[in-house]
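Here is how the chains run, residue by residue.
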Amino acid sequence: MRLKFLLFPVVLVILVIVFIANIWPEISLLRQMNSQYNKDKEILGNIISKKGDISSLNDNLESNKDKKDFVLSYVPEKNNDEKNIYLLNYLATNSSLSVLSISLDKVAQNDPSTEINASNPVNIIASAIVTDPNTGEAIDPQVLLENAKKIKFAEAHVTVAGEYDKIKMYLDKLERMEIYSKVSEVKISKNKEEKKEGQDQAQTSESNLLVAEIAVDFGYYPKMKDADYATLTKLGSSFDFAKIEKVRSGITQNVPVIEAGASGRNNPFVTQ
Amino acid sequence: MTNINLYQSPAEEKKSTESFFDGGFIISVVLIGLVLAGFAGIKIANWRIAERNQALAAKIDLEKNGISGDEQINKVVDFENRIDKMAEGIQKNNTRLVLDDVAAEIISGAVLAEYDFSEDGKIKLLIQADNFQTVAKQILAFKKSANFNAVTTEDIKRGNKNIELSLGMAIANKTVK
């Protein structure tokens, strides 16, 4: 008789335990998988939609060739030493300054990420441990990945001599060049040579001749070779050409075209 | 004393033993059946959903793998990135204006001998002054300027003809120039 009364509660308790231990996890798993499915479906839809946009974006790019050329010239794929030297000298001459020296730093020595395919994050992660050539310490792949996405800089140092106003004009021109760059350091001092030579203190103190040592960072961005899902999803349905116009509006100094001119000499050791 | 009749007829006894399989038992069996059926149903559903998810994931992988090798995608993404980098580069120090701001604070009796500006917005100056009073006034002029902050006197020494003052400072708002 007692069993009769206990049967239903016991069965109920057992069922509750079975539900909690076995069924509820399955329900949770089902909900989780459904949620994952919806997310994946969204991702797939996004990829298909973005891939669909690519064709129209490419057409848009081809029909705006001037903008494309400007962007590729403003943010070049590689560092152009010759262009940087030419520009620094050209603008100095234009500002009536004498160039005393120009030196260039090798960026790759300071930036380990440039030694790897900068536009391929997969390669960076899959690659063996990369060490910092300066410190010898291993670098976190995530840090490398972040660095690879950043713009690279080639630093150039120029020393010019001239008057104060001309140096200001030169700085202004350097800031407004038609190339991605920034003036990172400026040192201006009175001409030391003149200080030593000049016996007449009054004459030297009144002189306007100054020497300026200026560091300019020229930016470049390696060509994208392996776009991934993350970069694809950031794409809009059209290019933001307004950004280009904004940059263009701040440029007053166009970059002259460099030409090597005629080459070939009978005796390269003799000036002809 | 009251008599209690404890007699039970055989029919009633039989009825009570038969009622073991009554409503409670049936409900229990039904519940067990329902739970088992539900469990099996969910298991089957999970199995099917897992298969569906796997198929979808494989499709996504296929689509993702197709991204990196696509020349057209690379070209478009590269251009978009380049535009973004260009826009990031707009904000920078205007070194000429900073130089103008420094010149605006130089007082009478003082001459700027050396100017050193670095990318982080820090400036070091070497100023030659007639006398210590001018030195004091010059320090005050920079400290009162809205264009500079963290003005520190690094060194003061007497030269042959004048007093040399080394000052350190930072641009107050280095990018908005």
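Cut-offs applied
Residues numbered from 1 in each chain as written. Chains lettered and ligands numbered in written order. Predicted model: local features only at pLDDT ≥ 70, side-chain atom pairs only at ≥ 80, totals over all residues. Heavy atoms only, no water. Helix = DSSP H or I, 4+ residues; strand = E, 2+ residues; numbered from the N terminus. Contact = heavy atoms within 4.5 Å. Areas by Shrake-Rupley, 256 points an atom, 1.4 Å probe, with all protein chains shown as cover. Patch = residues over 30% accessible without salt bridge, like charges linked within 9 Å, V, L, I, M, F, W, Y side chains within 5 Å. Salt bridge = Lys/Arg side-chain N within 4 Å of Asp/Glu carboxyl O. Phe/Tyr/Trp six-rings, centres within 6.5 Å; stacked < 30°, edge-to-face > 60°. Buried < 20%, exposed > 50% of the residue type's maximum accessible area, 1.4 Å probe, protein only. Axes fitted to C-alpha atoms, helices over the stretch in contact; angles between N-to-C directions. Parallel < 35°, antiparallel > 145°, perpendicular 65-115°, else oblique. Left-handed = near helix turned anticlockwise from the far one by under 90°. Nonpolar A, V, L, I, M, F, W, Y, C, P; charged D, E, K, R; others polar. Buried area = accessible area lost by both parts, 1.4 Å probe. Polar contact = N/O pair within 3.5 Å; in protein donor to acceptor, adjacent residues only side chain to side chain. Pairing = 2+ DSSP bridges.

Focus: the overall build of chain B
No. 1: Counting secondary structure elements, chain B contains five helices and four strands.
No. 2: Starting at the N terminus and ending at the C terminus, chain B contains elements arranged as α-α-α-α-β-β-α-β-β.
No. 3: For chain B, long-range pairs separated by at least 24 residues make up 51% of all intrachain contacts whose partners lie at least 6 apart in sequence.
No. 4: Summing over all exposed atoms, chain B offers an accessible surface of approximately 10500 Å²; the carbon and sulfur share of this is 55%.

Quick word on a nonpolar patch on the surface
No. 1: On the surface, Phe8, Leu12, Val16, Phe19, Ile20 and Trp24 of chain A together with Ile27 of chain B cluster together into a nonpolar patch covering about 630 Å² of accessible area.
No. 2: Broken down by element, the nonpolar patch gets its largest block of residues, six residues, from helix α1 (residues 2-63) of chain A.
No. 3: Its place among the elements puts Phe19 of chain A in helix α1.

Considering the packing of aromatic side chains
No. 1: Following the criterion strictly, the structure yields eight aromatic pairs over all chains and no others.
No. 2: Ring plane angle 50° and centroid distance 5.9 Å describe the contact between Phe239 of chain A and Phe241 of chain A, whose orientation is recorded as tilted.
No. 3: Taking the centre distance of 5.0 Å and the plane angle of 80° together, the rings of Phe239 of chain A and Phe79 of chain B count as edge-to-face. In this pair, Phe239 of chain A is assigned in the loop between α9 (229-233) and α10 (241-249) and Phe79 of chain B in helix α3 (residues 71-88), connecting two distinct chains.
No. 4: Looking at Phe239 of chain A, the relative accessible area reads 6%, which means it is buried.
No. 5: When its relative accessible area of 3% is taken as the criterion, Phe79 of chain B is described as buried.
No. 6: Feature note: the residues Phe70, Tyr74, Phe153 and Tyr180 of chain A constitute an aromatic cluster, connected by ring pairs.

What about the packing of α10 of chain A against α3 of chain B?
No. 1: At a minimum axis distance of 9 Å, the contact between α10 of chain A and α3 of chain B shows a crossing angle of 40°. One way to sum up the angle between α10 of chain A and α3 of chain B is to call them oblique. The two elements α10 of chain A and α3 of chain B meet at a crossing, and its hand is left-handed. The segment α10 of chain A lies against α3 of chain B, with Phe241, Lys243, Ile244 and Val247 of chain A engaging Phe79, Ile83, Asp84, Met86 and Ala87 of chain B.
No. 2: Split into classes, the residues belonging to the contact of α10 of chain A with α3 of chain B amount to seven nonpolar, no polar and two charged.

With respect to the interface of chain A and chain B
No. 1: Facing 83 residues of chain A, the contacting portion of chain B comprises 66 residues.
No. 2: Between chain A and chain B, the buried area comes to about 6800 Å², and carbon and sulfur atoms account for 67% of it.
No. 3: On inspection of chain A and its partner chain B, the count reaches seven salt bridges.
No. 4: In this structure, Glu63 of chain B and Lys51 of chain A form a salt bridge, with 3.0 Å as the shortest nitrogen-oxygen distance.
No. 5: Along the contact surface separating chain A from chain B lie 22 residue pairs in polar contact (both at pLDDT 80 or more).
No. 6: Looking at the side of chain A that touches chain B, the elements with two or more residues in it are α1, α2 (65-74), α6 (164-175), β3 (181-190), α9 and α10 of chain A.
No. 7: For the side of chain A that touches chain B, the leading source of residues is α1 of chain A, giving 30 residues.
No. 8: Tallied by class, the residues present in the side of chain A that touches chain B amount to 44 nonpolar, eleven polar and 28 charged.
No. 9: Where β3 of chain A meets strand β1 (residues 110-118) of chain B, five bridges bridge the pair, whose relative direction is antiparallel.

Comments concerning the pattern of salt bridges
No. 1: Across all of its chains, the model carries 14 salt bridges over all chains by this definition.
No. 2: Across the pair Lys75 of chain B and Glu62 of chain A runs a salt bridge, and its minimum N-O distance is 2.7 Å. With Lys75 of chain B in helix α3 and Glu62 of chain A in helix α1, this residue pair bridges two chains.
No. 3: You can call Lys75 of chain B partly exposed: its relative accessible area is 31%.
No. 4: On the basis of relative accessible area, Glu62 of chain A is assigned to the partly exposed category, the value being 36%.
No. 5: Among the salt bridges present, the one from Asp100 of chain B reaches Lys168 of chain A, with a minimum N-O distance of 2.6 Å. Taken together, the positions of Asp100 of chain B in helix α4 (residues 95-105) and Lys168 of chain A in helix α6 put the pair across two chains.
No. 6: A relative accessible area of 22% places Asp100 of chain B in the partly exposed class.
No. 7: Three or more residues joined by partner-sharing salt bridges are found here, namely Lys168, Asp172 and Arg176 of chain A together with Arg96 and Asp100 of chain B.

A short note on the environment of Gly236 of chain A
No. 1: By the secondary structure assignment, Gly236 of chain A is in the loop between α9 and α10.
No. 2: For Gly236 of chain A, a relative accessible area of 24% corresponds to the partly exposed category.
No. 3: Sequence separation between Gly236 of chain A and Tyr37 of chain A is 199 residues; the distance between their C-alpha atoms is 25 Å.
No. 4: Other than its neighbours up to four places away in sequence, Gly236 of chain A contacts Lys50 and Leu57 of chain A together with Glu80 of chain B.

A few points about the environment of Thr152 of chain B
All names here are of chain B.
No. 1: Position of Thr152 relative to the elements: it lies in strand β3 (residues 148-158).
No. 2: Taking the C-alpha atoms as reference points, Thr152 and Ile60, 92 residues apart in sequence, are found 60 Å from one another.
No. 3: With residues up to four places along the chain from it excluded, the contact list for Thr152 reads Ser166, Leu167 and Gly168.

The values are spatial; any link to function lies outside them.
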